[in-house]
Amino acid sequence: MTEQRITITPNPHRIRVMLGGTIVAETTRALTLREGSLPPVQYIPREDAEMDLFARTEHRTHCPHKGDASYYSLTAGGVERANAVWSYEAPFPAVSAIKDHLAFYPNKVDAIEEFND
């Protein structure tokens, strides 16, 4: 088994997440997490998300490199997506920067947009 290399870097661009024609999160403080050959994931601070649109679910997963993930369903603009969002509330020390951040499944939201303001 090969070592899974994870890098986390601040993203200087504006990131906007849309569902049902509604902005559910928007930030200029996203962290870009790259893990092995997987597509990069934008982690958005919770303070930059419309948390009243999120509902915690019972779903949980474990990543051997990041820790235990909690999940949220998202409802906006009349559209509901179950377990569309995940968060590491107590990530392993090597990835502690993503604590209190949210990540979105691209296929469960309308768009994850990146702007060069």
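Preceding this section is the structure that the text describes.
Residues numbered from 1 in each chain as written. Predicted model: local features only at pLDDT ≥ 70, side-chain atom pairs only at ≥ 80, totals over all residues. Heavy atoms only, no water.

1. A few points about the packing of aromatic side chains
Okay, so step 1: On inspection of all chains with the given rule, the structure shows four aromatic pairs.
Okay, so step 2: Judged by centre distance (6.3 Å) and plane angle (85 degrees), the ring pair of Y43 and W86 falls under edge-to-face. Here the residue Y43 occupies a position in strand β5 (residues 41-45), and W86 occupies one in strand β8 (residues 79-87), the gap between them amounting to 43 residues. Each member of the pair, Y43 together with W86, is buried.
Okay, so step 3: Grouping aromatic residues by their ring pairs yields a cluster made of Y43, W86 and Y105. (Phe/Tyr/Trp six-rings, centres within 6.5 Å; stacked < 30°, edge-to-face > 60°. Helix = DSSP H or I, 4+ residues; strand = E, 2+ residues; numbered from the N terminus. Buried < 20%, exposed > 50% of the residue type's maximum accessible area, 1.4 Å probe, protein only.)

2. So, the side chain of T32
Okay, so step 1: Within the secondary structure, T32 sits in strand β4 (residues 31-35).
Okay, so step 2: A distance of 3.4 Å separates the side chain of T32 from the side chain of N11, its partner in a polar contact.
Okay, so step 3: Discounting residues that sit within four places of it in the chain, T32 has contacts with T7, I8, T9, N11, P40, V41 and Q42. (Polar contact = N/O pair within 3.5 Å; in protein donor to acceptor, adjacent residues only side chain to side chain. Contact = heavy atoms within 4.5 Å.)

3. A word on unusual backbone geometry
Okay, so step 1: A positive phi angle, close to 50 degrees, is found at N83, a residue other than glycine.
Okay, so step 2: Inspection of the secondary structure assignment puts N83 in strand β8.
Okay, so step 3: Non-glycine residue D100 carries a positive phi angle of around 65 degrees.
Okay, so step 4: Tracing the backbone through its elements, the reader meets D100 in the loop between β8 and β9 (101-104).

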